[in-house]
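Here is how the chains run, residue by residue.
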Amino acid sequence: MKILFTGGGTGGHIMPLIAVGREVKAKLPEADFYYIGPKEDCLTMTKENFKTKAILSGKIRSYFSLENVIDVVIKIPISFIQSFFLLSTIKPNLVFSKGGTGSFPVTYCARVLKIPVFIHESDSYPGKSNKLTSKWAKKVFTSFQKTGFFNQNKIIVVGNPIRKEILNGNKEEAKRELSLELGKPVILITGGSQGSSPINEFIISIINLLIEKYQVIHIAGPKKYKLVKIETDALLRGNSSSSNYHLYEFLNQVQLKNALLSCDLVISRAGAGSIFEIASLGKPSILIPLSTSANNHQSQNAYEYAKSGACIVIEQESLTIPYFLGQIENILENSQKMSLSALGFAKPNSAEIIAEEIIKELNSKTV
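Residues numbered from 1 in each chain as written. Predicted model: local features only at pLDDT ≥ 70, side-chain atom pairs only at ≥ 80, totals over all residues. Heavy atoms only, no water.

With that settled, consider the overall build of the chain. Scanning the chain for helices and strands turns up 14 helices and 13 strands. A globule of 367 residues ought to have a C-alpha radius of gyration of about 21 Å, and the chain, at 21 Å, matches this closely. If you line up the chain on its principal axes, its C-alpha atoms span 65 × 45 × 35 Å. Each of the 367 residues in the chain was classed as buried or not, and the buried ones make up 52%. Summing over all exposed atoms, the chain offers an accessible surface of approximately 16600 Å²; the carbon and sulfur share of this is 55%. With 42 positive and 31 negative side-chain charges, the chain shows a spacing of 7 Å between the two charge centroids. (Helix = DSSP H or I, 4+ residues; strand = E, 2+ residues; numbered from the N terminus. Rg over C-alpha atoms; globule rule 2.2 N^0.38 Å. Buried < 20%, exposed > 50% of the residue type's maximum accessible area, 1.4 Å probe, protein only. Areas by Shrake-Rupley, 256 points an atom, 1.4 Å probe, with all protein chains shown as cover. Lys, Arg positive; Asp, Glu negative; His and termini not counted. Charge placed at Lys NZ, Arg CZ, Asp CG, Glu CD.)

Read across the open sheet, the seven strands follow the order E3-E2-E1-E4-E5-E6-E7; overall the sheet is parallel. The open sheet has two edge strands with one neighbour each: strand E3 (51–54) and strand E7 (155–157). Across the sheet, the mean angle separating the axes of adjacent strands is 20° when strand polarity is ignored. As paired strands, strand E1 (residues 2–8) and strand E2 (residues 32–37) are joined by five bridges and run parallel to one another. Across the sheet, Thr6 pairs through a bridge with Ile36, a residue of E2. (Pairing = 2+ DSSP bridges. Axes fitted to C-alpha atoms, helices over the stretch in contact; angles between N-to-C directions.)

The next thing to look at is the sheet that holds strand E8 (residues 186–190). Taken together, the six strands give an open sheet; going across it, the order is E10-E9-E8-E11-E12-E13, and neighbouring strands pair in parallel fashion. Whereas interior strands pair on both sides, the edge strands pair on one side only; in this sheet they are strand E10 (245–248) and strand E13 (311–313). Going from strand to strand, the sheet's axes swing by 15° on average, the running direction of each strand aside. Across three bridges, strand E11 (residues 265–268) lies against strand E12 (residues 285–287) in parallel orientation. Bridge pairing in E12 places Val266 opposite Ser285. Packing of helix H7 (residues 197–213) onto the sheet brings it into contact with E8, strand E9 (215–219) and E10, and relative to E9 it is tilted by some 165°. (Contact = heavy atoms within 4.5 Å.)

Membership of the largest hydrophobic core comes to 33 residues, with the highest contact counts inside it found for Leu178, Leu188, Ile217, Leu251, Ile275, Leu287 and Tyr305. At the level of elements, E8, E9, helix H9 (253–262), helix H10 (272–280), helix H11 (297–306), E13 and helix H13 (335–345) are the ones that each hand at least two residues to this core. Tallying contributions element by element places H10 first for this core, with five residues. If near-sequence neighbours (up to four positions away) are discounted, Tyr305 is found in contact with Ile275, Ile278, Ala279, Lys283, Ser285, Leu287, Ala310, Cys311, Ala342 and Phe345. If you look at the next biggest cluster of nonpolar residues, it comprises 27 residues, including Ile189, Phe202, Ile288 and Phe324. (Core = buried A, V, L, I, M, F, W, Y, C linked by side-chain atoms within 4.5 Å.)

One non-glycine residue with positive phi stands out, namely Asn49, at about 65°. Relative to the helices and strands, Asn49 resides in the loop between helix H2 (39–47) and E3. One non-glycine residue, Lys114, lies in the positive phi region at around 60°. Looking at where Lys114 falls in the secondary structure, it is placed in the loop between helix H4 (103–112) and strand E5 (117–121). Given the relative accessible area of 74%, Lys114 is considered exposed.

Let us now look at the packing of aromatic side chains. Counting across every chain of the model gives 16 aromatic pairs. Note on Phe104 and Tyr108: the rings are 6.0 Å apart at their centroids and 40° apart in plane angle, and the pair reads as tilted. You can see Phe104 and its partner Tyr108 sitting in helix H4, four residues apart, about one turn around the helix. Residue class for Phe104 comes out buried when judged on its relative accessible area of 19%. (Phe/Tyr/Trp six-rings, centres within 6.5 Å; stacked < 30°, edge-to-face > 60°.)

Below you can see the structure in the form of structure tokens.
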């Protein structure tokens, strides 16, 4: 039995693939698992014991760029040839796609070769690859109850797959690893897998105010960490509360699960992966959508989640210091109600449900 996974470009595509892959492996350990996608994501999937094959990945941008010419004329045609050859060689029994960079050539070639395709859409409005693939996909899994465009007869609402390991944090480990003082409110701030310059800059501008009352875990992002450290080191010099500020480039899985468990409030972008991890741990949140996200999907995600009462949405251009600090105080005073709302929205078994549907399809082919 061979199962092929595809999709990539961001952590929001790769982490759900890992979550689903782990569940399928647990239920079907004798199967062979393959991944086809961008070269930069192959390393991550190799660590998960997938047999990986890299293809060129291109995309058609909604704005003018010379990269569009290179992608359309060179990368995308080559990616179709690569995908057809690899699928013909591997002969998978099913393709599971998360959408994103490089996934469409794979799913289209699967259609040509009559290989069943399942897709998952994280956002409340789908990306280009999933919109096209949904026309021949056998099943369409969605995160949000209201997801536009898709054929409703194909949809199964499951939430966004999260790694179950993220739910098993330990407060004592957090205290030791993250140098936290238990008993004082903890705020976790993240701008997504790559970090966010606007969020970083805003937090830097109020860091001395924040650490007077709270402990702050700030994930700045791999390419933004050094600049944030230089600025915050200068601002916090001589501040007796500087030990309340904990700056990180990124957190590994163990650190992240402990930080999420220990924090009282999360401030984050509004990617679906972040939302469903926050919800599954019952954490109140302030979501700051990325205004330039494709189809404005982060705002749509955030406001859909906000209907549950689990978060406050603040648009990036509306960030002001008095309002932001006021919202933090209000949320921490009413955190229990928001926590219950978050848990009510969460779907921590999403990956398991998708895995069961994949196995059901595979079994139907062997009967």
